[in-house]
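Below, each chain spelled out in residue letters.
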Amino acid sequence: MLKTMVANKKFNAALSFANHLQLSNKELSIGAINSLLYLYYEYAKEYDLSEQDKAFILKTYTHLYEKYQVLDNATCERLLHALCAINEWRKCKKVLDDIQLTGTPTHSAYSTLIGTLFKNNKKAEAMKMIDISENNRRSLRDCAYDEWMKYIFRKYKDKKTVLKYLNELCTHISKNSTVVPRATANKLKESFESLNWNVQFTEIRKQSGQCKNCDLTLDCLRLSAEEFATLQQNVKDKLIVGSDLFLKTSPEELKKFMDLVENTGPYDIVLDALNVAYTAGKGGADERIRILTTVVNHFLQQKKKILLLGRKHMLNWKRGALVQLMKKTQYFFTENISQDDPYFITAAILSGPQTDIVSRDLLRGHRFLLRTDALRQLFQRWQWEHQWMVFPSTNRFRPIIQEPLKFTPIAQQHTNGWHLPYEAENTSLEYVNDGVPDVSSWLCITQKINNN
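Residues numbered from 1 in each chain as written. Predicted model: local features only at pLDDT ≥ 70, side-chain atom pairs only at ≥ 80, totals over all residues. Heavy atoms only, no water.

As named in an unreviewed UniProt entry, the chain is Mitochondrial ribonuclease P catalytic subunit, taken from Bicyclus anynana. The UniProt entry for the chain carries the following comment under Catalytic activity (unreviewed entry): "Endonucleolytic cleavage of RNA, removing 5'-extranucleotides from tRNA precursor." In its Cofactor (unreviewed entry) section, UniProt records this for the chain: "Mg(2+)". (UniProt positions renumbered as here; feature names shortened; annotations may be inferred.)

Student: Requested: an account of the side chain of T178, with residues and values cited.
Tutor: The residue T178 is located in the loop between α10 (159-175) and α11 (182-193) in this model. Exposure remark for T178: the relative accessible area of 5% places this residue in the buried category. (Helix = DSSP H or I, 4+ residues; strand = E, 2+ residues; numbered from the N terminus. Buried < 20%, exposed > 50% of the residue type's maximum accessible area, 1.4 Å probe, protein only.)

Student: Got a sec to walk through the packing of helix α4 (residues 51-67) against helix α5 (residues 73-85)? Specific residues and values, please.
Tutor: Put simply, α4 and α5 touch, their axes get as near as 10 Å, and they point 145° apart. As α4 runs across α5, the sense of the crossing is left-handed. Touching I57, L58, Y61, L64 and Y65 of α4 are T75, L79, A82 and L83, all from α5. Of the residues in the contact of α4 with α5, the class split is eight nonpolar, one polar and no charged. (Axes fitted to C-alpha atoms, helices over the stretch in contact; angles between N-to-C directions. Left-handed = near helix turned anticlockwise from the far one by under 90°. Contact = heavy atoms within 4.5 Å. Nonpolar A, V, L, I, M, F, W, Y, C, P; charged D, E, K, R; others polar.)

Student: Mind laying out the pairing of strand β9 (residues 417-421), listing which residues take part and the relevant values?
Tutor: The element β9 is extensively covered by neighbouring structure, given that five of its five residues are classed as buried. Both faces of β9 are covered, namely the face carrying G417, H419 and P421 and the face carrying W418 and L420. Summarising the sheet, strand β8 (residues 412-414) and β9 pair through three bridges and their orientation is antiparallel. If you follow Q413 over to β9, its bridge partner there is W418. If you look at the hairpin formed by β8 and β9, you'll find two residues sitting between the two strands. Pairing of β9 with strand β10 (residues 442-446), which is carried by five bridges, proceeds in the antiparallel orientation. (Pairing = 2+ DSSP bridges.)

Student: A description of the sheet that holds strand β4 (residues 330-334) should follow, citing residues and the corresponding values.
Tutor: Spatially, β4-β3-β2-β5-β6-β7 is the arrangement adopted by the six strands of the open sheet, whose pairing is mixed. Where the open sheet ends on each side, the last strands, each with one partner, are β4 and β7 (400-402). Neighbour to neighbour, the strand axes of the sheet diverge by 20° on average, direction disregarded. Across three bridges, the pairing between strand β2 (residues 269-272) and strand β5 (residues 356-358) is parallel. Counterpart to L271 in the pairing with β5 is V358. With respect to the sheet, helix α13 (residues 251-264) is in contact with β3 (306-311) and β4, its orientation differing from that of β4 by roughly 170°.

Student: So what's going on with α5? Which residues, and what values?
Tutor: Compared with the 18 Å implied by 1.5 Å per residue over 13 residues, the 19 Å span of α5 between its first and last C-alpha is a close match. If you check which residues of α5 are buried, you get T75, C76, E77, L79, L80, H81, A82, L83 and C84. As for α5, its buried residues are in contact with α3 (30-44), α4, α6 (89-102) and α7 (107-119). The backbone nitrogen of A74 has a side-chain oxygen 3.1 Å away, supplied by the residue at the start of α5, namely D72. Following α5 by one or two positions, N87 has its phi on the positive side, about 65°. (Expected span 1.5 Å × (residues − 1). Polar contact = N/O pair within 3.5 Å; in protein donor to acceptor, adjacent residues only side chain to side chain.)

Student: Describe the pattern of salt bridges, naming the residues involved and giving the relevant values.
Tutor: Tallied over the full model, the rule gives 17 salt bridges. For K54, the salt bridge is made with E51, and the minimal N-O distance between the two is 3.6 Å. With a gap of three residues between them, K54 and E51 both fall in helix α4, about one helical turn apart. On the basis of relative accessible area, E51 is assigned to the exposed category, the value being 59%. The residue E125 makes a salt bridge to K93 at a minimum N-O spacing of 2.4 Å. Taken together, the residues E125 in helix α8 (residues 123-135) and K93 in helix α6 connect sequence positions 32 residues apart. The structure contains a network of salt bridges with shared partners spanning D142, D146, K150 and K187. (Salt bridge = Lys/Arg side-chain N within 4 Å of Asp/Glu carboxyl O.)

Student: Talk me through the nonpolar core; I want residue IDs and the actual numbers.
Tutor: Core analysis: the largest hydrophobic core is formed by 62 residues, its most contacted members being L79, I152, L188 and F192. Ranked by the residues each element gives to this core, the list is headed by α10, at seven residues. Ignoring anything within four residues of it in the chain, the contact list for L188 reads M149, L169, C170, I173, L420 and L443. (Core = buried A, V, L, I, M, F, W, Y, C linked by side-chain atoms within 4.5 Å.)

Student: Which residues make up the sheet that holds strand β1 (residues 198-202), and what values go with them?
Tutor: Each strand in a sheet pairs with another by means of backbone hydrogen bonds, the pair being arranged parallel or else antiparallel. A sheet is described by the order of its strands in space; here four strands give the open sequence β1-β10-β9-β8, paired in antiparallel fashion. Two strands in the sheet have a free side with no partner beyond their single neighbour: β1 and β8. Each strand of the sheet is rotated relative to its neighbour by a mean of 15°, with strand direction disregarded. Strands β1, β9 and β10 of the sheet are contacted by α11, whose axis makes an angle of about 155° with β1.

Here you go:
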């Protein structure tokens, strides 16, 4: 009942019911306690809590830890949010540690605590918590960015100093390849405009990376030799059967594959044959082979050396046409039960920094397995730089072959400002998820000429 009242912002009724619960002689259940904590957190977003409400939150914290050695995650989450509402950030850290015993705190838990730290002028603590949050794949919510910006304007009054720390915030967004919430984009716009900068909502031309507002072209942030070597070494470290990369393969199959790569590489193109063939949709084997042949010939015409990776059941398709493709390429067919993505990724990265991949697979599963946020960022940038995709077209004999991006779709600083992506509120029905942030929702932030 309380949850419904709070969700509908019937706070007066909710507070009355809360008082009734607390005045009853019955011991409150965990469910009732969680509902009360939820009420006080939501209420505190708009109004000041009474001393009685604050006392209840502190009393609940003490009571729960006296009664239970470890709290369940749902209770921890509610307690953490309520403690943040009364700025008890030190106690929140204890609660956060309890969540981490059995799982990962939510985006909201991290961001609410980070926002509370900024609200209490604990920037160093907030920055440490931001690193932990990002490394646990918990990008910041608007509440964290909002308090970060408020902290900057509260602490600094000189325009140049404010600008320095707004740039620090934007650098964080860029470093983590973050697409910020629309509400955060609005606040960034207001913040820079208060410094007399030009800020416009804009689009980026997908083919060129050019901003429609200022005509600047975003850079392609290619991996350096050192960054690629780091990514390549990570793949080499996983080349053992039973690792999280090769979950379903045999030592014999892996050795055969590695011998092929060593003896026939490097390649210009590593092609996920099954993924490309199934661009044909419900079409039969003839149409799948026709699509695959079209794509292979597209790269052969460019004198590219191709490694074709597929599964053995494909050999039952139109054999003659498939054999013709095999004559023009290097090829490897995995067992039907094997995961082909690991082979595909491994062949491409071991082949070298010049190798491109062809697949519509967004490869999120592999990115998820990378153990650090830094490695995940490197893999994402490599993917944007090297991945071709194949999509069906109105002409079923001629699929759309989409080349890799010419720019890196993350927040970028230039000599005169920033371009930052934000989350589109209403994605077009025609939008195709190809792993690229929506190019229709960006901020263009530029310094006015003769700005002081």
